[in-house]
Amino acid sequence: MEKHRKKISSYQYNDRYEETQKIGGATARFYPRKPSRHLIQFLLENKAEKGLSVIFGAGEGRSIQPLIDDGWNVVALDNAEAAIQRAKLDYKKNERVKYLKFDLRQDIESIIVPNSVDLVVIIQILHMFIQPDDRDMLLKNAYKILRPGGYCFLENNGDFHASETVYLNLDNQQCEQRTIETENGLKIIKTPRFPTVMLNKVDSETEFNKAGFEIEKISDGAFNHPDTVRKQIWSILKKPT
């Protein structure tokens, strides 16, 4: 039992994608291909000039297609090599998409010029940065690379109406059932859960403002995976001109 516990607690973000591809083949996906409906809504309503967009935590690339369709060039960042390789299967021949392996806890200035990006997209990763200093770095990285007047679209697990922020320090001990897309159809697997933080509206606003952003919109929503529906907060942030 102790040996199993040690193995589970060492489970890493990249392992999630490697296991999915081992079970389901090179084209298997852990997350559904369908992009965030809130991101699509933002792109439809935002009339800003299309230019360079950067996705923080691009994963298997489910946010790439709506950006391409809307006229954006895309730089996709992730620290999971297996996720990047999966995304490349769909977009490796598209000259408007570039992939970079990068840990968002580091200073982004080493790979992207400050004040050069028109849109930063951050979906399904902020809640995995359970340390406040790590979230602060992520948001400051987004702020740093955005041009004045640029936008940040952000969607993360969180409880909009909660009275306080809740930290779920699972230490990878809890597993959950997930349905993955494989080369031969859907398949159910068991996968460890990662520690997460469920920010509420007040603390979200505080952290966004601390990073320097103006908040144009902040609202509640839900993340719909085939196996789970989780509360979310989605936000439209702007770097002041």
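Residues numbered from 1 in each chain as written. Predicted model: local features only at pLDDT ≥ 70, side-chain atom pairs only at ≥ 80, totals over all residues. Heavy atoms only, no water.

**A closer look at the overall build of the protein chain**
Working step 1: In terms of helices and strands, the protein chain carries seven helices and 11 strands.
Working step 2: Taken against the 2.2 N^0.38 rule, which gives 18 Å for 241 residues, the C-alpha radius of gyration of the protein chain at 17 Å falls within 12% of a compact globule.
Working step 3: Taken along its principal axes, the extent of the C-alpha atoms in the protein chain is 55 × 45 × 30 Å.
Working step 4: Here the protein chain, with 241 residues, has 52% of them falling under the buried criterion.
Working step 5: The contacts of the protein chain with a sequence gap of at least 6 include a subset with a gap of at least 24, amounting to 72%.
Working step 6: A total of about 11,700 Å² of accessible surface is found on the protein chain, and carbon and sulfur atoms cover 48% of it. (Helix = DSSP H or I, 4+ residues; strand = E, 2+ residues; numbered from the N terminus. Rg over C-alpha atoms; globule rule 2.2 N^0.38 Å. Buried < 20%, exposed > 50% of the residue type's maximum accessible area, 1.4 Å probe, protein only. Contact = heavy atoms within 4.5 Å. Areas by Shrake-Rupley, 256 points an atom, 1.4 Å probe, with all protein chains shown as cover.)

**A look at the packing of aromatic side chains**
Working step 1: Taken as a whole and judged by the stated rule, the model has seven aromatic pairs.
Working step 2: Where Phe30 meets Tyr31, the ring centres are 5.0 Å apart and the plane angle is 85°; that geometry is what we call edge-to-face. Both residues of the pair, Phe30 and Tyr31, count as buried.
Working step 3: The ring of Tyr143 has Lys239 sitting right over it, with the charged end atom 4.7 Å from the ring centre. (Phe/Tyr/Trp six-rings, centres within 6.5 Å; stacked < 30°, edge-to-face > 60°. Lys NZ or Arg CZ within 6 Å of the ring centre and 35° of its normal.)

**Section: the pairing of strand β3 (residues 97-101)**
Working step 1: As defined by bridge partners, strand β2 (residues 73-78) adjoins β3 across five bridges and the pair is classed as parallel. By the bridge assignment, Asp78 is partnered in β3 with Lys101.
Working step 2: Between β2 and its parallel partner β3, the chain crosses via helix α5 (residues 81-91), and the hand of that crossover is right-handed. (Pairing = 2+ DSSP bridges. Right-handed = clockwise from strand over helix to strand, strands pointing away.)

**Focus: the confidence of the model for the protein chain**
Working step 1: Of the residues in the protein chain, 94% reach a pLDDT of 70 or more, and the chain-wide mean stands at 91.
Working step 2: Residue range residues 1-9 is modelled with pLDDT below 50. Its contacts to residues more than four positions away, or to other chains, number seven contacts. (pLDDT = per-residue confidence, 0-100.)

**Section: the side chain of Arg86**
Working step 1: Along the polypeptide, Arg86 turns up in helix α5.
Working step 2: A distance of 2.9 Å separates a polar side-chain atom of Arg86 from the backbone oxygen of Thr27.
Working step 3: Once residues within four sequence positions are removed from consideration, Arg86 is found in contact with Gln21, Ala26, Thr27, Ala28, Arg29, Arg33 and Glu60. (Polar contact = N/O pair within 3.5 Å; in protein donor to acceptor, adjacent residues only side chain to side chain.)

**Digging into the packing of helix α2 (residues 13-24) against α5**
Working step 1: Where α2 meets α5, the axes come as close as 7 Å, and the angle between the chain directions of the two elements is 50°. Between α2 and α5, the angle falls in the class oblique. Between α2 and α5, the residues in contact are Asn14, Tyr17, Glu18 and Gln21 and Glu81, Ala82, Ala83 and Arg86, respectively.
Working step 2: Grouping the constituent residues of the contact of α2 with α5 by class yields three nonpolar, two polar and three charged. (Axes fitted to C-alpha atoms, helices over the stretch in contact; angles between N-to-C directions. Parallel < 35°, antiparallel > 145°, perpendicular 65-115°, else oblique. Nonpolar A, V, L, I, M, F, W, Y, C, P; charged D, E, K, R; others polar.)

**What to know about unusual backbone geometry**
Working step 1: In this model, Asn115 sits at a positive phi of 60°, which is unusual for a non-glycine residue.
Working step 2: Relative to the helices and strands, Asn115 resides in the loop between β3 and β4 (117-123).
Working step 3: Exposure remark for Asn115: the relative accessible area of 44% places this residue in the partly exposed category.

**Digging into the sheet that holds strand β1 (residues 52-56)**
Working step 1: In space, the seven strands of this open sheet follow the order β3-β2-β1-β4-β5-β11-β10, with mixed pairing throughout. The outermost strands of the open sheet, each flanked by one partner alone, are β3 and β10 (214-225). The mean inter-strand angle of the sheet, taken between neighbouring strand axes irrespective of direction, is 15°.
Working step 2: In the packing of helix α6 (residues 132-145) onto the sheet, the strands contacted are β1, β4 and β5 (146-157), and the crossing angle to β5 comes to about 150°.
Working step 3: Lying over the sheet, helix α7 (residues 201-210) contacts β5, β10 and β11 (228-238), oriented at roughly 130° with respect to β10.

**Some thoughts on the nonpolar core**
Working step 1: In terms of nonpolar packing, the biggest core is built from 31 residues, with Phe56, Leu77, Val120, Ile122, Leu138 and Cys152 touching the most fellow members.
Working step 2: Looking at this core, the elements with two or more residues in it are β1, β2, β4, α6, β5 and β11.
Working step 3: Per-element tally for this core: the top contributor is α6, with four residues.
Working step 4: Setting aside its immediate chain neighbours within four residues, Phe56 contacts Leu77, Leu104, Ile108, Val120, Val121, Ile122, Ile123, Ile125, Leu138, Asn141, Ala142 and Ile145.
Working step 5: Of all hydrophobic cores here, the second largest spans 24 residues; its members include Leu39, Ile68, Ile84 and Tyr91. (Core = buried A, V, L, I, M, F, W, Y, C linked by side-chain atoms within 4.5 Å.)

**Quick notes on the side chain of Asn200**
Working step 1: Inspection of the secondary structure puts Asn200 in the loop between β9 (196-198) and α7.
Working step 2: In terms of polar contacts, Asn200 uses its side chain to reach the backbone amide nitrogen of Asp203, at 2.9 Å.

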